[in-house]
Amino acid sequence: MGRFDIERKEMVELLRSRGISNETVLEAMAKVERHRFVNQTFIDNAYKDIALPINSDQTISQPYTVAFMTQALEPKKEMKVLEIGTGSGYQAAVLATIGCRVYSVERHLSLVTSARKIFDQLKLRILVKAGDGTIGWGEFAPYDGIIVTAGSPSMPEPLVNQLAEGGRIVIPIGTKSNQQIVVGKKNKDTLHTTVYDGFKFVPLIGKSGWN
Ligand code: SAH
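Residues numbered from 1 in each chain as written. Predicted model: local features only at pLDDT ≥ 70, side-chain atom pairs only at ≥ 80, totals over all residues. Heavy atoms only, no water.

### Focus on the environment of I6
Here I6 is to be found in helix α1 (residues 5-17). A relative accessible area of 54% means that I6 is categorised as exposed. Each C-alpha atom of the pair I6 and G174 lies 37 Å from the other, and the pair is 168 residues apart in sequence. (Helix = DSSP H or I, 4+ residues; strand = E, 2+ residues; numbered from the N terminus. Buried < 20%, exposed > 50% of the residue type's maximum accessible area, 1.4 Å probe, protein only.)

Shown next, in the form of structure tokens:
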């Protein structure tokens, strides 16, 4: 038994009570040790349903937000997923634990380095690179799913272009202080979208994001 096993179980039950119903997502979040991805100063709060500060002035998203976005992506084994905003690496680890093939882009090199270290320790097959994720990662496109974990002023065109037919993109869009999560499904080159209120993210900074 690990030190945080009970807290992690309780976190999953809280997510369930808040409306997360996809068992694949809940199972993955019951497995991934969030306390490995938070700054050690905040380790005792690792399983509270709150966002926490990480290096480079960024945050690890709240567990509910991770669960909500992952569920919205409808992840399946072997699905090819592009994540923009690796941050701590927690969201990518949840997707990889589900069995997705994950590609993740982060603009802060120091975060890429620390996330890569944890992925290696946990033997998670996630490819990470430093760069501006608003232009996507053309080399491995198209993706069955794209998840953006920072708030954008609009839908970045390059990401829609790198989405496979039938694929889904989950992205917060709005002002710098307030965003909605937009879920888009690509059908015959048209994006059909649904929006969900009440989320808050750090800004997506780049060519097709904030300047
Ligand atoms: N998925 C992360 C959340 C980190 S917060 C986690 O689970 O911890 C969002 C991250 O997006 C930050 O680390 C920020 O540096 C990064 N980011 C912002 N704009 C970006 C861009 N254009 N390309 C890549 N990463 C970006």
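### Considering the pairing of strand β4 (residues 101-106)
The buried fraction of β4 is high, at 5 of 6 residues. For the crossover that starts at strand β3 (residues 80-84), traverses helix α4 (residues 90-98) and ends in the parallel β4, the hand is right-handed. In the sheet, β4 pairs with strand β5 (residues 126-130) via 5 bridges, with the strands oriented parallel. Bridging from a neighbouring strand, V105 pairs with K129 of β5. (Right-handed = clockwise from strand over helix to strand, strands pointing away. Pairing = 2+ DSSP bridges.)

### Brief notes about unusual backbone geometry
Between A141 and the following residue, P142, the backbone shows a cis peptide bond with an omega angle of 0 degrees. Along the chain, P142 turns up in the loop between β5 and β6 (143-148). In the Ramachandran plot, D57 falls in the positive-phi region, its phi being about 65 degrees despite a non-glycine side chain. With respect to the element layout, D57 can be found in the loop between β1 (52-53) and β2 (59-60). The phi torsion at E74 lies on the positive side, around 50 degrees, for a residue other than glycine.

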